[in-house]
2 protein chains.
Amino acid sequence: MFSDEYFMQQALALAQIAFEENEIPVGAVVVYENQIIGKGYNQTIKTNDPTAHAEMLAITAASNFIGSRYLNQCTLYVTLEPCPMCAGACFWAMFKEIVFGANDLKNGFSKLALSEKKIFHPKTKIKQGILAEECKKLMQDFFKKLRN
Amino acid sequence: MFSDEYFMQQALALAQIAFEENEIPVGAVVVYENQIIGKGYNQTIKTNDPTAHAEMLAITAASNFIGSRYLNQCTLYVTLEPCPMCAGACFWAMFKEIVFGANDLKNGFSKLALSEKKIFHPKTKIKQGILAEECKKLMQDFFKKLRN
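Everything numeric in this text was worked out from a predicted model, so none of it was measured. (Residues numbered from 1 in each chain as written. Chains lettered and ligands numbered in written order. Predicted model: local features only at pLDDT ≥ 70, side-chain atom pairs only at ≥ 80, totals over all residues. Heavy atoms only, no water.)

Focus on the interface of chain A and chain B
At the interface, 30 residues of chain A touch 30 residues of chain B. Taken together, both faces of the contact between chain A and chain B bury some 2,500 Å²; the carbon and sulfur share is 66%. The largest per-residue losses of area from chain A upon contact with chain B belong to A:Pro50, A:Arg69 and A:Trp92, which jointly make up 25% of the total buried on that side. Our count for the contact surface shared by chain A and chain B stands at zero salt bridges. Contributing elements (two or more residues each) for the side of chain A that touches chain B: α2 (54-66), α3 (84-93) and α4 (116-119) of chain A. When residues in the side of chain A that touches chain B are grouped by element, the largest group, seven residues, is from α3(A). Partitioning the side of chain A that touches chain B into residue classes produces 15 nonpolar, 11 polar and four charged. (Contact = heavy atoms within 4.5 Å. Buried area = accessible area lost by both parts, 1.4 Å probe. Salt bridge = Lys/Arg side-chain N within 4 Å of Asp/Glu carboxyl O. Helix = DSSP H or I, 4+ residues; strand = E, 2+ residues; numbered from the N terminus. Nonpolar A, V, L, I, M, F, W, Y, C, P; charged D, E, K, R; others polar.)

In structure tokens:
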């Protein structure tokens, strides 16, 4: 039951809330011992806050739950490739693992053309492409809705 | 009166609060039309939150004040070179200008060995070295205190 796909589905459900609130649909969950301990979805428009990305909110929530600023026993699931801000936050949190869905060639960390090991913590394992099609489709549907 | 040194002094006063609270002493202010509209000092330990850097808190406060997630009419003053997370947040905020004090070769954005234009918004002007000695001395005093 507790597969990468299961937890990415939970992140997708949060992205769907962002979609309905007319925010770019990205969702994230932080998992510790198969339990979700932090959730977030993008809400930069509603909150007037450029830092209110899904990952940032999930990290703050999870750190608060754990009672530590280090999440080195945790995995972050996020529907979209993290941007440099979120990748930098993941560095400080020292995640055990980061799993993301769709690529983001325009605004993801990969736009910096750095090796993953340079922006994330060198001990953090990075996995990508989990439910990538579903994550990408939600983004495409959002931008289609915006244009209409 | 409203010089770079004046506003950096305000950021330093915030860094001093962090110092007294046993947090790495970094302070930041966001300035709009010579008025401070957002303040922050590092408080990652007290809040158990790896995202609670001085710049992040100052950006959230300023955006909330302005009522927009874009701070393109604002200048950020920060006592230490921003880390990649904070530089990424500055990208999204699209600051008019960023002024920092001391360099941070270990954890600052420059560790990524990127041009400033690649991690900050290309329209953002970057200025460094304002009150650098004072900013650096506060950091050195902090680590000396930690060791004793």
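With respect to the packing of helix α3 (residues 54-66) of chain B against helix α4 (residues 84-93) of chain B
A pair of packed helices can be characterised by two numbers: the angle between their axes and the separation between those axes. Residues and elements named next belong to chain B. Across the interface, α3 lies against α4 with an axial gap of 9 Å and an inter-helix angle of 20°. What the angle tells us is that α3 and α4 run roughly parallel. The handedness of the crossing between α3 and α4 comes out as left-handed. In this structure, α3 contributes Glu-55, Met-56 and Ile-59 to the contact, and α4 contributes Met-85, Cys-86, Ala-89, Cys-90 and Ala-93. When grouped by side-chain class, the residues that make up the contact of α3 with α4 number seven nonpolar, no polar and one charged. (Axes fitted to C-alpha atoms, helices over the stretch in contact; angles between N-to-C directions. Parallel < 35°, antiparallel > 145°, perpendicular 65-115°, else oblique. Left-handed = near helix turned anticlockwise from the far one by under 90°.)

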